[in-house]
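# A structural walkthrough
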Amino acid sequence: MTRARRVLVPFGTRPEVVKLAPVVSALTAAGHAVDVVDTGQHTDPALSTRLQEALGLAPGCRFTLPTGDAAARLGALHADAARAVARLRPDVVLALGDTSTVPAYALAARGAGIPFVHLEAGLRSLNPRSVEEVNRRVAAAAAALHLAPTRRAAAFLAAEGVPAERVFVVGNPVVDTLVSRGVRPVPVAERTGVLVTAHRPTNVDDPVRLERLVGVVRALADDVGPVTFPVHPRTAARLAATGLDAGLAHPDVTLTGPVGYDALLGALASARLTVTDSGGIQEEAAYLGVPVVVLRGSTPRWEGVEAGTTTLASLADDAAAGAVLTAALRHTSAEGQARAATLPCPYGDGTTGRQVAALLADQATDALLALDEPDFSDGRLPW
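Reading guide: rules and limits
- Residues numbered from 1 in each chain as written.
- Predicted model: local features only at pLDDT ≥ 70, side-chain atom pairs only at ≥ 80, totals over all residues.
- Heavy atoms only, no water.
- Axes fitted to C-alpha atoms, helices over the stretch in contact; angles between N-to-C directions.
- Helix = DSSP H or I, 4+ residues; strand = E, 2+ residues; numbered from the N terminus.
- Parallel < 35°, antiparallel > 145°, perpendicular 65-115°, else oblique.
- Left-handed = near helix turned anticlockwise from the far one by under 90°.
- Contact = heavy atoms within 4.5 Å.
- Nonpolar A, V, L, I, M, F, W, Y, C, P; charged D, E, K, R; others polar.
- Pairing = 2+ DSSP bridges.
- Core = buried A, V, L, I, M, F, W, Y, C linked by side-chain atoms within 4.5 Å.
- Buried < 20%, exposed > 50% of the residue type's maximum accessible area, 1.4 Å probe, protein only.
- Expected span 1.5 Å × (residues − 1).
- Polar contact = N/O pair within 3.5 Å; in protein donor to acceptor, adjacent residues only side chain to side chain.
- Salt bridge = Lys/Arg side-chain N within 4 Å of Asp/Glu carboxyl O.

Let us look at the packing of helix α3 (residues 70-88) against helix α4 (residues 101-111). Across the interface, α3 lies against α4 with an axial gap of 8 Å and an inter-helix angle of 45°. Put simply, α3 runs oblique to α4. α4 is crossed by α3, and the crossing has right-handed handedness. Every residue of α4 that contacts α3 at L77, H78, D80, A81, A82, A84 and V85 is listed here: T101, P103, A104, Y105, L107, A108 and A109. Class assignment of the residues belonging to the contact of α3 with α4 gives a composition of 11 nonpolar, two polar and one charged.

Strand pairing in a sheet is mediated by backbone hydrogen bonds. Such pairs are either parallel or antiparallel. If you trace the seven strands from one edge of the open sheet to the other, you get β3-β2-β1-β4-β5-β6-β7, paired in parallel fashion. The strands lining the two open edges of the sheet, one partner per strand, are β3 (61-62) and β7 (167-169). Judged from the two bridges that link them, strand β1 (residues 6-11) and strand β4 (residues 92-96) form a sheet pairing that is parallel. Along β4, the bridge assignment pairs V7 with V92. Taken strand by strand, helix α1 (residues 14-29) contacts β1, β2 (33-38), β4 and β5 (116-119), and its axis lies near 165° from that of β1. Contacts from α3 reach β1, β2, β3 and β4 within the one sheet, and its direction differs from that of β1 by about 160°.

Another point: the packing of α1 against helix α16 (residues 352-361). The contact between α1 and α16 brings their axes to 8 Å, and the two run at 45°. With respect to their mutual orientation, α1 and α16 come out oblique. In this structure, the crossing between α1 and α16 has a hand that is right-handed. Note on element contacts: α16 touches α1 through G353, R354, V356, A357 and L360, opposite P22, V23, A26 and L27.

The next thing to look at is the environment of R136. In this structure, R136 sits in helix α5 (residues 131-142). Note: C-alpha distance between R136 and D98 (38 residues apart in sequence) is 5.3 Å. Look past the residues within four positions of R136 in its chain and what remains in contact with it is D98, H118, L123, R124, S125, S130 and P300.

Once that is clear, we can look at the nonpolar core. Counting residues in hydrophobic clusters, the biggest one holds 50 residues, and the most contacted among them are L119 and V356. Considering each element in turn, this core owes the most residues, eight residues, to α1.

Time to look at helix α9 (residues 207-223). Its 17 residues place the ends of α9 24 Å apart at the C-alpha level, agreeing with the 24 Å of an ideal helix rising 1.5 Å per residue. Those residues of α9 lying buried are L210, R212, L213, V214, V216, V217, L220 and A221. Near the N-terminus of α9, the side chain that reaches the backbone nitrogen of V208, with its oxygen 2.9 Å away, is that of D206. Just downstream of α9 lies G225, where phi reads positive at about 160°.

Even without being a glycine, E120 presents a positive backbone phi close to 70°. Unlike most non-glycine residues, L126 shows phi in positive territory, near 65°. Along the chain, the position of L126 falls in the loop between β5 and α5.

Bringing the sheet that holds strand β8 (residues 194-197) into the picture now. Pairing is parallel across the open sheet formed by six strands, whose spatial order is β10-β9-β8-β11-β12-β13. Since the sheet does not close on itself, it has two edges, and those belong to β10 (253-256) and β13 (310-312), each with one partner. Taken over all neighbouring pairs, the strand axes of this sheet differ in orientation by 20° on average, direction set aside. Sheet topology note: the strand β11 (residues 273-276)/strand β12 (residues 292-294) ladder contains three bridges and is parallel. Bridging across to β12, T276 finds its partner in V294.

For the structure shown, the criterion picks out 21 salt bridges. R137 is the partner of E133 in a salt bridge, and the nearest nitrogen-oxygen pair spans 4.0 Å. One end of the pair is E133 and the other is R137, both in helix α5 and four residues apart, which spans about a single turn. Here E133 falls in the buried class, since its relative accessible area comes to 4%. We note a salt bridge from R181 to D262, for which the minimum N-O separation is 2.7 Å. Of this pair, R181 sits in the loop between α7 (173-180) and β8 while D262 sits in helix α11 (residues 261-269), and the two are 81 residues apart along the sequence. Residue R181 is classed as partly exposed on the basis of its relative accessible area of 31%. Looking at D262, the relative accessible area reads 45%, which means it is partly exposed.

This is the structure we're talking about:
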């Protein structure tokens, strides 16, 4: 037996748009009533409205967060979440990933007695200083259903005591988006250069680390090949404020502002290597068979590290920054290129949206979504 549900789907950032567009499409096609909410975390049109239009994700509600003060933004996000849940009264709230939007809507849902479903569940960086890691754990504590992208993610949830019957391995919907847009790997012989992206506060807000990043970009251009660097607005502001943008003047470094999603995928597919601190690009690169150097000491996406196609190399000190170039040279060798190009993508097969829609339509899911209050008044203990 199947049933249609009213599903509230919030998003706040570019990666959520990319990954939720095919999920919303699949939910709607399956007959679910979907309310899409733009929580306002990203306001740059290239990262928000233009991308939404390109991917066909049309929010019925948009919130605007206050600018500047981080505490005020976070408070407004949680207040908006409570208002959205109260006004729309969904059967289920479904959120993806680990941005500030996720715990806000998870807590708002549970506060209203509505089940919360976490997509991209079980990712763990094991970094206690990561706000995203806290967001993931809040989502795990609130979720009635945990939709994990991989078996590794499911194993993290199992280790934390999440019951197996509440965990479903459905892949990552970023692969749905790539498949639906006809994106295909580029033959290794036709690839050239390096795609660099960097936007995380740990890398760009610290002037010392930012200077190391500039040095890494120059070294890549000197020793690996031409570098394409679409500069995130946050990174551009920090480079300008510190005067470090002058160091990126190099004949083999091409700087752009944020580019459209299709353009970014084209640059990634045609690169021999990507050097990034983005989570989504790690997944997209795996699908396209492009090796990755992650500008971090840990990652919630361990599958590439386990496969040997991804290397962790942070900007924590000069030695770590030097390891970026060492890893880049290894990955751009003939062996490194062949390895990345031939391994299957560990993040899904392009059917995640349909799996999510079918799971929510299945009446057997009712029992998992029920938030029934337990009754131990008969003297039974729950252990």
